[in-house]
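# Structure assessment
Residues per chain, in single letters:
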Amino acid sequence: EIPQYNTAQDFSYFIVNRCLNEFEGTGHLAVVSRQFYEDLYVVYNTDSGYTAAHPHSQYNYSQLTAKESLAFYQDAVEKAKLRLVESTDLSDETGADINNGSDNLSFACYPEQSAGYVNVNMMTYYSGKDIDNNPEYHALMLFFGRLEEEGYKNCIIDIRNNPGGGDTYWKYALIAPNITKTMNSESLALIKGLVCQYYVSQLAGYPIYPITDLNTEKLSALNPQDLQDAISYVIRSEEVNPASQGRSLFSGKFWLLVSETSYSSSESFAMFCKQTGFATLVGTHTGGDGGGMDPIFFAMPNTGILIRFSADMGLNPDGSCSEEFGTTPDYPISENEDALVKCLEIISQKANY
């Protein structure tokens, strides 16, 4: 049944959204909702330095602010502008209170296991330059510092219900303050289609290589059909530098709780942790599609409705598709087990050896 709509644009949104929903968000394919548009508008305008320096962000911003899109998402634009004004007015308030970081965080301590716990609902968007004025960032720094001061040996980060957001969150707020040397990870991604290749190479600036040069010797789980459809590949790399040379806020062991809901930038975090050893993963397979660049945004020419999709297809170290299989945890749990309970049990067992 098709609802009644007052405008042709809203009717088009309903039809396009209903069609793309059939893909269940695979590869980030989706229509941009008005709420998400509002968030995107704030992000791109707050992080204007990053946008100006990166051609792929400039491209996405041009689609976001196309004449037709500004008209279709007019209400969201007005709300976003109000948020930008409010954030400027409050820029001198750090709110440095571990209990008032934001609704995005929740904390707990388990003294018997010498473990602190933080649940992160979403990798909220912010850049390195606005960290000093971010209450959530300060709450995390206080938390890590207190664990160290009180002699805790473990820190559990829970992203089981975290659908993603921005990679800058986990890089700046979760890893950088807690390492003493630079950490790097690397992965492969396949590219299908000339439009995606142009976005990855010319706009995002990644060096690309012809698919015929790909060494598949160690990619035992690579799907031959994926390889057949690809025209090129890219080597993705992630680097995180210490926030402070020679010291970390928390020097103990990190654990990461994951599930099939851990997607996009949360998946990137899980991939990075597993490859670098920053944290030990406990839970179920993640949702996948992390470790890449920002999805492409495309404004439909007549209505201004925005559509997004991933420009590349990330691979796990064995060649399997990240979107399809996700990341395998170091300690998988059974259907009836809880990842947090399991993690605390593992910590207790190791402490007794």
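Anything mentioned here points back to the structure above.
Cut-offs and rules
Throughout this document, residue positions are counted from 1 along each chain, in the order its sequence is written. This being a predicted model, a pLDDT of at least 70 is required before a residue's local features are given, and a value of 80 or more before pairs of side-chain atoms are given or counted; all residues contribute to the totals for chains, interfaces and linings. Here the side-chain values reflect all heavy atoms present in the structure, with hydrogen atoms and water set aside. Numbering of helices and strands starts at the N terminus; helices are DSSP runs of H or I of at least 4 residues and strands are runs of E of at least 2. Contacts: residue pairs with any heavy atoms within 4.5 Å of one another. Partly exposed describes any residue whose relative accessible area lies between the buried limit of under 20% and the exposed limit of over 50%, with all areas from a 1.4 Å probe on protein chains only and scaled to the type maximum. Under the rule applied, a polar contact is a pair of N or O atoms within 3.5 Å (in protein, one hydrogen donor and one hydrogen acceptor; residues adjacent in sequence only if both atoms are side-chain atoms). Only C-alpha atoms enter the line fits that serve as axes; for helices the fit covers just the stretch in contact. Angles between N-to-C directions range over 0 to 180 degrees. Between 65 and 115 degrees an angle is taken as roughly perpendicular, under 35 as roughly parallel, over 145 as roughly antiparallel, and anywhere else as oblique. Take the far helix as your reference; a near helix turned counterclockwise from it by less than a right angle gives a left-handed crossing, and one turned clockwise gives a right-handed crossing. Any residue that is not Ala, Val, Leu, Ile, Met, Phe, Trp, Tyr, Cys, Pro, Asp, Glu, Lys or Arg is counted as polar, Gly included; the first ten are nonpolar and the last four charged. Any two of the Phe, Tyr and Trp rings considered here, Trp counted by its six-membered ring, make a pair once their centres fall within 6.5 Å; the pair's planes then place it as stacked at under 30 degrees, edge-to-face at over 60, or tilted in between. Strand pairing requires that DSSP identify at least two bridges connecting the strands. Here a cavity means grid points, on a 1 Å grid over the protein atoms only, where a 1.4 Å probe fits yet cannot get out; a pocket means an open set of points with protein on both sides within 12 Å along at least five of seven lines; lining residues are those with an atom within 4 Å of a point. Grid points are joined across faces, edges and corners, and a volume is the space filled by probe spheres set on the points.

## Some details on the side chain of asparagine 162
Secondary-structure assignment places asparagine 162 in the loop between strand E4 (154–158) and helix H8 (167–175). Apart from the residues within four sequence positions on either side, asparagine 162 is in contact with Val120, Asn121, Met122, Met123, Thr261, Ser262, Tyr263 and Ser266.

## Digging into the environment of serine 33
Here serine 33 shows up in the loop between strand E1 (30–31) and helix H2 (34–46). Judged by its relative accessible area of 28%, serine 33 is partly exposed. It is 9.1 Å that separates the C-alpha atoms of serine 33 and tyrosine 13, two residues lying 20 residues apart in sequence. A polar atom in the side chain of serine 33 sits 3.1 Å from the backbone nitrogen of phenylalanine 36.

## Details of the packing of H2 against helix H4 (residues 55–64)
Working note: a packed helix pair is described by the angle between its axes plus the distance between those axes. Contact pair H2 / H4: the axes reach a minimum separation of 11 Å and the direction vectors enclose 135°. Relative to H4, the element H2 is oriented oblique. You can see that H2 and H4 cross each other, and the crossing is left-handed. Facing Tyr37, Leu40, Tyr41, Tyr44 and Asn45 of H2, the residues of H4 in contact are Ser57, Asn60, Tyr61 and Leu64. Classifying every residue of the contact of H2 with H4 by side-chain character gives six nonpolar, three polar and no charged.

## Details of the packing of aromatic side chains
Applying the stated criterion across every chain yields a total of 16 aromatic pairs. Here the aromatic rings of tyrosine 37 and tyrosine 73 are separated by 4.2 Å at their centres, their planes lie at 0°, and the arrangement is stacked. Of this pair, tyrosine 37 sits in helix H2 while tyrosine 73 sits in the loop between helix H5 (67–72) and helix H6 (74–89), and the two are 36 residues apart along the sequence. For tyrosine 37, a relative accessible area of 0% translates into the label buried. Taking relative accessible area as the criterion, tyrosine 73 reaches 0% and is therefore assigned buried. Aromatic pair phenylalanine 250 and phenylalanine 254: ring centres 5.4 Å apart, planes at 90°, arrangement edge-to-face. Residue phenylalanine 254 is classed as buried on the basis of its relative accessible area of 3%.

## Remarks on the pairing of strand E5 (residues 183–191)
Looking at chain direction, E5 and strand E7 (residues 232–240) are connected through nine bridges and run antiparallel. By the bridge assignment, serine 185 is partnered in E7 with glutamate 238.

## Considerations on empty space enclosed by the protein
Vacant regions in the atomic arrangement are exposed by a probe of water-molecule size rolled over the atoms. Overall, the coordinates contain one cavity of 30 Å³ or more when judged by the stated rule. In this model, the largest cavity occupies a volume close to 80 Å³. In this structure, the largest cavity is lined by Trp170, Ser185, Glu186, Ser187, Arg236, Ser237, Glu238, Ser268, Met271, Phe272, Gln275 and Gly291. Among the secondary structure elements, those contributing two or more residues to the lining of the largest cavity are E5, E7 and helix H11 (265–276). Sort the elements by how many residues they give to the lining of the largest cavity and H11 lands first, with four residues.

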